[in-house]
Each structure stands twice: as C-alpha cells, then as structure tokens.
Amino acid sequence: TEAGVAFAESFCKCEARPVKTDKFKDAVSNAKAAFRQVSSMLKSAKTARESWAKSLSARRKLGQKATAANVSLVEAEVWLCRAEEEASEASTEDKQQCSQRSAAEAELMAAEKAKLEAESEDLENKKQKESLKAAKPQAIEAVKAARAAEKEATQERQS
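Asks: Can you walk me through the overall build of the chain in this structure?
Replies: Helix and strand counts for the chain stand at two helices and zero strands. For the chain, the proportion of its 159 residues judged to be buried stands at 4%. Accessible surface, the chain as shown: approximately 14300 Å² in total, 57% of it carbon and sulfur. Each charge sign in the chain was given a centre, from 29 positive and 27 negative side chains, and these centres are 19 Å apart.

The structure is reproduced here in structure tokens:
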C-alpha cells in the first residue's frame, strides 16, 4: 500500500504532452485509490486463505477423528462378535453339562435304589441266618433222633 501510494506520488507531469493539472491530480488520486483497493483485496485474500487453511486443517482433523471412530467401531464389532461366539459356546456347554448332570443324577438314584435293595436283602439274610442259627440245635437234635430211630429200625429188621 505504502509503496503503491509512494509510486503514485512520484508521478510527474509529462512535458512532452501537455496535461491539465486537475486531470493529473485525478490520475494520481485514481492510482492511489487503485493501490488502496488492491491492498484491501490482498488483505481480504490473505484472510480468506488463512480461513481456508484453518478449515482444511479442521477438516483433516475431523477426518482423522472419523477414521479413528470407524476403527474403534470395527474393533467393538469384532469384540462383540467374539463375545457372542463365546456366549453361544458357553450356552452349548451349559446344556451339555446339564444333560450330563441329569444322567449322573439318574445313575445316582439307580445306585441308591440298588444299595437300598442290597441293604434290605442283607438285612433279610441276617434275619434268616439268625433264625437258622436258632433252629440249628433243634435240627441237630432231630437228625440225631432220626439216626437213632433209623439205627433202631435197622436193628429191629435184622433181628
């Protein structure tokens, strides 16, 4: 601006052509005004360029944030997919464990029933053993009496 105004002020009348003073002054003031307009336009262009650079920088940063957010989203989706797979596997394993537990409980009940039956049979066998022990002396006596009667009968036949 200052250089343009200084340049306009350095104008001097051309002696080869006669020019009126008021036209000369108009030409100088028009030149100064043109340089002022150019200076104003340059300032506006500089401001616009700086604004554009800031907006470009902000847009780049937003793009980077959006990319980072997309990466995070993909990672979260992968994590969710893995978690769902693990939950599905756990559910399947839980069902298997429940069926195995049910089978084991049925086996346990059958074993307990067999145990109770065996204990009952053992108790009956012990009772029978005790009653047989109690009946043994009578049976021995009865056998002795039968042998004696047989012996006697055999002797009576022989005589």
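Asks: Help me out: how do you make sense of helix α2 (residues 21–158) in this one?
Replies: Because the α-helix completes a turn every 3.6 residues, residues three or four places apart line up on one side. Relative to the 206 Å expected for 138 residues at 1.5 Å per residue, α2 spans 195 Å between its end C-alpha atoms, a close match to the ideal helical length. Along α2, the residues that are buried comprise V28, A31, K32 and S39.

Asks: Just to check I follow, could you spell out the pattern of salt bridges for this structure?
Replies: If the charged atoms of two oppositely charged side chains come close together, the side chains can form a pair. Taken as a whole, this structure holds three salt bridges when the rule is applied. Among the ionic pairs, R101 bridges to E105, the shortest N-O distance being 3.6 Å. Remark: E105 and R101 occur in helix α2; sequence separation between them is four residues, near one turn of the helix. Residue classification places E105 among the partly exposed positions, given a relative accessible area of 41%.

Asks: What should I look at first to understand the environment of E107 in this one?
Replies: One can find E107 in helix α2. Taking the C-alpha atoms as reference points, E107 and Q96, eleven residues apart in sequence, are found 16 Å from one another.

Asks: So what exactly am I meant to see when it comes to a nonpolar patch on the surface here?
Replies: Residues F7, F11 and F35 make up a contiguous nonpolar surface patch of about 270 Å² in total accessible area. One can find F35 in helix α2.

Asks: Before we go on, may I ask you to explain a negative patch on the surface in this structure?
Replies: Together, E84, E85, E86, E89, E93 and D94 line one region of the surface with negative charge. Residue position: E86 is located in helix α2.

Asks: Hey, could you run me through the environment of K23 in this one?
Replies: You can see K23 is positioned in helix α2. Its relative accessible area of 56% is what places K23 among the exposed residues. Between the C-alpha atoms of K23 and S131, which are 108 residues apart in sequence, the distance is 157 Å.

Asks: Which parts of the structure should I look at to understand the environment of A58?
Replies: With respect to the helices and strands, A58 occurs in helix α2. The spatial distance from the C-alpha of A58 to the C-alpha of L73 is 22 Å, given a sequence separation of 15 residues.

Quick notes on the rules
- Residues numbered from 1 in each chain as written.
- Predicted model: local features only at pLDDT ≥ 70, side-chain atom pairs only at ≥ 80, totals over all residues.
- Heavy atoms only, no water.
- Helix = DSSP H or I, 4+ residues; strand = E, 2+ residues; numbered from the N terminus.
- Buried < 20%, exposed > 50% of the residue type's maximum accessible area, 1.4 Å probe, protein only.
- Areas by Shrake-Rupley, 256 points an atom, 1.4 Å probe, with all protein chains shown as cover.
- Lys, Arg positive; Asp, Glu negative; His and termini not counted.
- Charge placed at Lys NZ, Arg CZ, Asp CG, Glu CD.
- Expected span 1.5 Å × (residues − 1).
- Salt bridge = Lys/Arg side-chain N within 4 Å of Asp/Glu carboxyl O.
- Patch = residues over 30% accessible without salt bridge, like charges linked within 9 Å, V, L, I, M, F, W, Y side chains within 5 Å.

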